[in-house]
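# Fold and contact review
Here's the letter readout for the chains.
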Amino acid sequence: MQLSEVLMQTQNELVRSRILGLRIIKYLVENLMEEYLVLLTETIPFLVELLEDVELSVKTRPRYSKRA
């Protein structure tokens, strides 16, 4: 699965798909570390959109990801 496919899942109408997309992004950040920085410009707009999600379980997940 490509990063663009993962990012598109964060815009899916299903809450479960959006959360799974976030979990995959978190996994990539944790495992790629500095190598992920080149992908950050592509990722940030999707994370900002998720911070404004109407579902609380989705909206709060990016905030928890920053702490980990």
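Residues numbered from 1 in each chain as written. Predicted model: local features only at pLDDT ≥ 70, side-chain atom pairs only at ≥ 80, totals over all residues. Heavy atoms only, no water.

This next bit is on the confidence of the model for the protein chain. Mean pLDDT over the protein chain works out to 84, with 88% of the residues at or above the 70 mark. Taking the mean pLDDT of every element in the protein chain, the minimum, 56, falls on helix H5 (residues 61–67) and the maximum, 93, on helix H1 (residues 3–9). (pLDDT = per-residue confidence, 0-100. Helix = DSSP H or I, 4+ residues; strand = E, 2+ residues; numbered from the N terminus.)

A few words now on the nonpolar core. Leu3, Val6, Leu7, Ile25, Tyr36 and Phe46 form the largest nonpolar core, which has six residues in total. With three residues, the top contributor of residues to this core is H1. Once you skip the residues sitting within four places of it in the chain, tyrosine 36 turns out to touch Leu3, Ile25, Leu28, Val29 and Thr43. (Core = buried A, V, L, I, M, F, W, Y, C linked by side-chain atoms within 4.5 Å. Buried < 20%, exposed > 50% of the residue type's maximum accessible area, 1.4 Å probe, protein only. Contact = heavy atoms within 4.5 Å.)

Despite not being glycine, methionine 33 shows a phi value in the positive range, around 45°. Locating methionine 33 in the fold gives a position in the loop between helix H2 (15–32) and helix H3 (40–51).

What follows is about the pattern of salt bridges. For the coordinates displayed, the defined rule picks out one salt bridge. For glutamate 30, the salt bridge identified is with lysine 26, shortest N-O distance 3.6 Å. Of this pair, glutamate 30 and lysine 26 both sit in helix H2, four residues apart, which is roughly one turn of that helix. (Salt bridge = Lys/Arg side-chain N within 4 Å of Asp/Glu carboxyl O.)

As a further point, take H2. An α-helical turn contains 3.6 residues, so any two residues separated by three or four positions project in the same direction. Look at H2: 26 Å from first C-alpha to last across 18 residues, which is about the 26 Å you get at 1.5 Å a residue. Every buried residue of H2 is accounted for by Ser17, Arg18, Ile19, Gly21, Leu22 and Ile25. Looking one or two residues beyond H2, the residue adopting positive phi is methionine 33, at roughly 45°. (Expected span 1.5 Å × (residues − 1).)

Turning to the side chain of serine 17, a few remarks are in order. Structurally, serine 17 can be placed in helix H2. Judged by its relative accessible area of 15%, serine 17 is buried. The contact partners of serine 17, leaving out residues within four places of it in the chain, are Gln9 and Asn12.

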